Amino acid sequence: LALSWGKFWRISLLALLNLCAAVTLIYGYNFMASGAATTIQFSYPIFTCLIMMIFFGERPNRRVIIAIVLAVLGVAALSGIDLGGSSNFSLIGLSLELTAGLTYAIYLVLVPVLKVREMESSHLTLWVFLLSTIYMALFTACTGGIQAMPTFGVGLNLVFLGFIPTAVSNFTLILALRDIGSTLTSILGALEPLTAMIVGIAVFHEPFTVIIKVIVHHGSPVACTCHSNIHGAPVLCFIMDHEAVSQ
């Protein structure tokens, strides 16, 4: 678990970006509807693609671009955004959520680029979270302190929240960044709200209607439109075929 000073400063930067993305996302919820905020934060596949194009000369093919567009639209629909109407956006909330998307995109790009990719994923995850915890402690000390857990049940829920969707998610994220790169990893990250919807239906018995439309592109299904009784908005989910992923 020992680190050289070079790796320490690189991981410190990754931890700061990781924390920045999380904090700005949560703070943005105070200024705008959670559905709109989540949709804007999921601009990170676009930022990731742009960063890879501008700084690393990567040229995404047409299917990658289509997947990015469908992913963002799908998150918008899943979040309950009225795609045909108007939304009241807060400039502060918009700035916070765009910052969350941008910092997370930079994090996705830098993990494979910085000289930390040879580290074990578990070690890298441990150090990122450890330094993020230190940063968060300093941040909360300057903004009112840490709130005590009201009950044991809340504390237990926080433990599971920190382990499954945070530690396990980041561990597998690092593996994905090494295997398929930043762009495809960011696109597939749009499966996160879809997974939440499936868990909501399967575990919490939230209502959901059947698929009503399938969009076909060059003979392969790439998107489907559904209707959710939770938000009353159409849900647009993308499905990339094997050829699109391999390209």
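Predicted, not measured: the structure shown is a model, and the values here were computed from it.

Q: For this particular structure, what's the right way to read the overall build of the protein chain?
A: From N to C terminus, the protein chain includes 9 helices and 3 strands. Here the protein chain, with 247 residues, has 41% of them falling under the buried criterion. In the protein chain, 74% of the contacts between residues at least 6 apart in sequence involve partners at least 24 apart. Of the roughly 13,800 Å² that the protein chain leaves accessible, carbon and sulfur atoms contribute 70%.

Q: Would you take a moment to explain the nonpolar core for this structure?
A: One recurring pattern in soluble globular proteins is that nonpolar side chains are buried together. Residues Ile11, Leu14, Tyr107, Leu124 and Val128 are the most contacted members of the largest nonpolar core, which totals 28 residues. Elements that contribute at least two residues to this core include exactly helix H1 (5–28), helix H3 (44–56), helix H5 (91–113), helix H6 (121–142) and helix H7 (152–188). Residue contributions to this core peak at 7 residues, all from H5. Look past the residues within four positions of Val128 in its chain and what remains in contact with it is Ile11, Leu14, Ala15, Asn18 and Tyr107.

Q: In this structure, what is going on with a nonpolar patch on the surface? I would like to understand it.
A: Taken together, the side chains of Ile46, Leu50, Ile54, Phe55, Phe56 and Val113 present a nonpolar region at the surface, about 600 Å² in accessible area. Among the elements that make up the nonpolar patch, the one with the highest residue count is H3 (5 residues). Within the fold, Phe56 resides in helix H3. Of the residues examined, Phe56 reaches a relative accessible area of 41% and is grouped as partly exposed.

Q: Honestly, the packing of H6 against H7 in this entry has me stumped. Any pointers?
A: Two numbers describe how H6 lies on H7: the axes approach to 9 Å, and their chain directions differ by 125°. One finds that H6 runs oblique with respect to H7. Like other packed secondary-structure pairs, H6 and H7 cross with a definite hand, here right-handed. On the side of H6, the interface is formed by Ser121, Ser122, Leu124, Thr125 and Phe129, while H7 contributes Thr166, Ala167, Asn170, Phe171, Ile174, Leu175 and Arg178. Looking at the contact of H6 with H7, its residues break down into 6 nonpolar, 5 polar and 1 charged.

Quick notes on the rules
Residues numbered from 1 in each chain as written. Predicted model: local features only at pLDDT ≥ 70, side-chain atom pairs only at ≥ 80, totals over all residues. Heavy atoms only, no water. Helix = DSSP H or I, 4+ residues; strand = E, 2+ residues; numbered from the N terminus. Buried < 20%, exposed > 50% of the residue type's maximum accessible area, 1.4 Å probe, protein only. Contact = heavy atoms within 4.5 Å. Areas by Shrake-Rupley, 256 points an atom, 1.4 Å probe, with all protein chains shown as cover. Core = buried A, V, L, I, M, F, W, Y, C linked by side-chain atoms within 4.5 Å. Patch = residues over 30% accessible without salt bridge, like charges linked within 9 Å, V, L, I, M, F, W, Y side chains within 5 Å. Salt bridge = Lys/Arg side-chain N within 4 Å of Asp/Glu carboxyl O. Axes fitted to C-alpha atoms, helices over the stretch in contact; angles between N-to-C directions. Parallel < 35°, antiparallel > 145°, perpendicular 65-115°, else oblique. Left-handed = near helix turned anticlockwise from the far one by under 90°. Nonpolar A, V, L, I, M, F, W, Y, C, P; charged D, E, K, R; others polar.

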